[in-house]
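# Reading the structure
Residue strings, one per chain:
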Protein chains: 2
Amino acid sequence: MNKKGILTVVSGFSGAGKGTIMKELLKKYDNYALSVSATTRAPRPGETDGREYFFKTKEEFEKMIAQDELIEYASYVNNYYGTPKAYVEEQLEAGKDVILEIEIQGALKVKEKMPDTLLLFITPPSVEELRKRLVGRGTETMEVIESRLKRAGEEAEGMDRYDYLIVNDKLDICVEDVHEIIRGEHLRSFRNAEFIEHMKAELKGE
Amino acid sequence: MNKKGILTVVSGFSGAGKGTIMKELLKKYDNYALSVSATTRAPRPGETDGREYFFKTKEEFEKMIAQDELIEYASYVNNYYGTPKAYVEEQLEAGKDVILEIEIQGALKVKEKMPDTLLLFITPPSVEELRKRLVGRGTETMEVIESRLKRAGEEAEGMDRYDYLIVNDKLDICVEDVHEIIRGEHLRSFRNAEFIEHMKAELKGE
């Protein structure tokens, strides 16, 4: 059966707990690797090149764009952020399930370039709970709340483009859900085309 | 999230251990129900109507066909066998994950009628192992072996029409694989369209 890793993109409403889930997943199981992004922003104290980010100059980054070395990229606040293809493919070939946490626009670009990518969307258990998390503890300004609600609305529009919807109600259950989904995906027929072809050919040869 | 059960069709090479896997699954977890087939063959000693089969006369069965009350049916050795729609839908509505063990022709018919059906194919871990199981312990006639190989060849042709390929190497792992796949499938976005629509509408209303 298929030994190659699966690339999984994780998105979700802000406050859905994506970061914590990823951290737990990596702590608990050794088949995962986080994708490391490339960026042109300056490293912050304590950040190491190749661990938090691959730090690049603007010229280096634009060369990567030109040479199609990024699966997706975007720019925020005058800096580029992107996902280097080489690192992801190396990890996948080594059998690691690579996790990439990005927003919907990036997620869809990744799926387009690498159609075997699995898209997971993390959501609170209910609209009420989502609203509670967005509104916060009443200490935010109306402006902050409005902007969060607007963004959540945009994020929700893309929910059905994702393969799976994972409810983050209890962290440990949510982590298990993600793990089981990725384990199960390894057994998808289309990910085991080689095994199937081998079996067909062998039986035909009888 | 979606509380309705999922209809899962299980097929696989003869000797792949489908029956044992289903039995273990039902023993271990209470979310499953086996689909009960209708048949025109006479009940055998110990068989109870509605448990092993729904026993029908030829006239009753043909009426069920005419009234589109079967998801699929076929006839073997002058008897009809089929899957009553009502029983399956009742179980699904009650939140049970219904398991149906049939061959590929039936499986594809079910998928056509009920596109949300999950198709699982059980296979030995390797071609070598499959051949070993097919050839048996050397006590079968060449005729029996030939017919098994021919049938396996036909079964293999349909493997990639299934959603998942499950290797039956160790029984307990295989049972867990099936269970995890079905659990994971409950989290598919398309099975939770109502939840998604609800969230979108609510966020739009803000």
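On a predicted model such as this, the values are computed, not experimentally measured, just so you know. (Residues numbered from 1 in each chain as written. Chains lettered and ligands numbered in written order. Predicted model: local features only at pLDDT ≥ 70, side-chain atom pairs only at ≥ 80, totals over all residues. Heavy atoms only, no water.)

## Some points on the overall build of chain A
From N to C terminus, chain A includes eight helices and nine strands. Look at the contacts in chain A between residues 6 or more apart in sequence, and 67% of them connect residues 24 or more apart. Carbon and sulfur atoms provide 50% of the accessible area of chain A, an area that totals close to 10,800 Å². Across chain A, the mean location of the 31 positive side-chain charges is 2 Å away from that of the 39 negative side-chain charges. (Helix = DSSP H or I, 4+ residues; strand = E, 2+ residues; numbered from the N terminus. Contact = heavy atoms within 4.5 Å. Areas by Shrake-Rupley, 256 points an atom, 1.4 Å probe, with all protein chains shown as cover. Lys, Arg positive; Asp, Glu negative; His and termini not counted. Charge placed at Lys NZ, Arg CZ, Asp CG, Glu CD.)

## Regarding the sheet that holds strand 9 (residues 164–167) of chain B
Residue and element names in this part refer to chain B. Read across the open sheet, the five strands follow the order 2-7-1-8-9; overall the sheet is parallel. At either margin of the open sheet sits one strand with a lone partner, and together these are strand 2 (32–34) and strand 9. Direction aside, neighbouring strands of the sheet carry axes that sit 30 degrees apart on average. As judged from the four bridges shared by strand 8 (residues 118–123) and strand 9, these two strands associate in the parallel manner. Paired with Ile122 across the strands is Ile166, a residue of strand 9. (Pairing = 2+ DSSP bridges. Axes fitted to C-alpha atoms, helices over the stretch in contact; angles between N-to-C directions.)

## Remarks on the packing of aromatic side chains
This structure, assessed with the given rule, holds 18 aromatic pairs over all chains. Seen in terms of ring centroids, Phe61 of chain B and Tyr80 of chain B are 4.8 Å apart; in terms of plane orientation they differ by 5 degrees. Their pairing is stacked. Within this pair, whereas Phe61 of chain B is found in helix 2 (residues 58–66), its partner Tyr80 of chain B is found in strand 6 (residues 79–84), the two being separated by 19 residues in sequence. In this structure Phe61 of chain B comes out as buried when scored by relative accessible area, which is 0%. A connected cluster of aromatic rings, assembled from ring pairs, spans Tyr53, Phe55, Tyr76 and Tyr81 of chain A. (Phe/Tyr/Trp six-rings, centres within 6.5 Å; stacked < 30°, edge-to-face > 60°. Buried < 20%, exposed > 50% of the residue type's maximum accessible area, 1.4 Å probe, protein only.)

## Examining the relation of the copies chain B and chain A
Here chain B sits on chain A after a turn of 180 degrees about the axis and a move of 0.0 Å along it, with an RMSD of 0.0 Å. Such values leave the two copies arranged in the relation of a two-fold axis. Taking the C-alpha atom as reference, chain B places Glu180 of chain B closest to the rotation axis, 3.0 Å from it. When the interface residues of chain B are mapped onto chain A, 100% of them again fall at the interface, so both copies present the same face. (Least-squares fit on C-alpha atoms with pLDDT ≥ 70 in both.)

## Some thoughts on the pattern of salt bridges
Across all of its chains, the model carries 44 salt bridges over all chains by this definition. The salt bridge involving Asp160 of chain A is made with Lys200 of chain B; its shortest N-O contact spans 3.1 Å. Remark: Lys200 of chain B occurs in helix 8 (residues 193–204) and Asp160 of chain A occurs in the loop between helix 6 (142–157) and strand 9 (164–167); the pair is interchain, linking two chains. Glu24 of chain B is paired through a salt bridge with Lys27 of chain B; the nearest N and O atoms lie 3.3 Å apart. (Salt bridge = Lys/Arg side-chain N within 4 Å of Asp/Glu carboxyl O.)

## Re helix 5 (residues 127–135) of chain B
Residue and element names in this part refer to chain B. Among all positions in helix 5, only Val127, Leu130 and Leu134 are buried. The buried residues of helix 5 occupy an angular sector of 60 degrees when projected down its axis, which confines them to one face. The positive-phi residue at the C-terminal boundary of helix 5 is Gly136, with phi of around 75 degrees. (Arc of directions from axis to C-beta.)

## As for the UniProt feature "binding site: ATP" (unreviewed entry) in chain A
All names here are of chain A. Annotation from UniProt places "binding site: ATP" (unreviewed entry) at Gly12, Phe13, Ser14, Gly15, Ala16, Gly17, Lys18 and Gly19. Tracing the chain through its elements places Gly12 in strand 1 (residues 7–12). By relative accessible area, Gly12 is classed as buried at 7%. Residues within four places of Gly12 in sequence aside, it is in contact with Lys18, Phe121, Ile122 and Glu155. The exposed category is assigned to Gly15, whose relative accessible area is 53%. (UniProt positions renumbered as here; feature names shortened; annotations may be inferred.)

## A closer look at the nonpolar core
The biggest cluster of nonpolar side chains holds 97 residues, and the ones touching the most others in it are Phe13 of chain A together with Phe13 of chain B. Of all hydrophobic cores here, the second largest spans eight residues; its members include Ala38, Phe61, Met64 and Leu70 of chain A. (Core = buried A, V, L, I, M, F, W, Y, C linked by side-chain atoms within 4.5 Å.)

## A word on the side chain of Lys18 of chain A
All names here are of chain A. Within the fold, Lys18 resides in helix 1 (residues 18–28). Comment: no salt bridge for buried Lys18; closest opposite-charge side chain is Glu101, at 4.5 Å. A distance of 3.4 Å separates the side chain of Lys18 from the backbone oxygen of Phe13, its partner in a polar contact. With residues near it in sequence (within four places) discarded, Lys18 still touches Val10, Ser11, Gly12, Phe13, Glu101 and Ile122. (Polar contact = N/O pair within 3.5 Å; in protein donor to acceptor, adjacent residues only side chain to side chain.)

## Structural notes on the sheet that holds strand 4 (residues 53–55) of chain A
All names here are of chain A. If you trace the four strands from one edge of the open sheet to the other, you get 4-3-6-5, paired in mixed fashion. Among the strands making up the open sheet, the edge pair consists of strand 4 and strand 5 (70–76). In this sheet, neighbouring strand axes are inclined to one another by 25 degrees on average, regardless of whether the strands run parallel or antiparallel. Packed on one face of the sheet, helix 2 (residues 58–66) meets strand 3 (37–39), strand 4, strand 5 and strand 6 (79–84) and runs near 45 degrees to strand 6.

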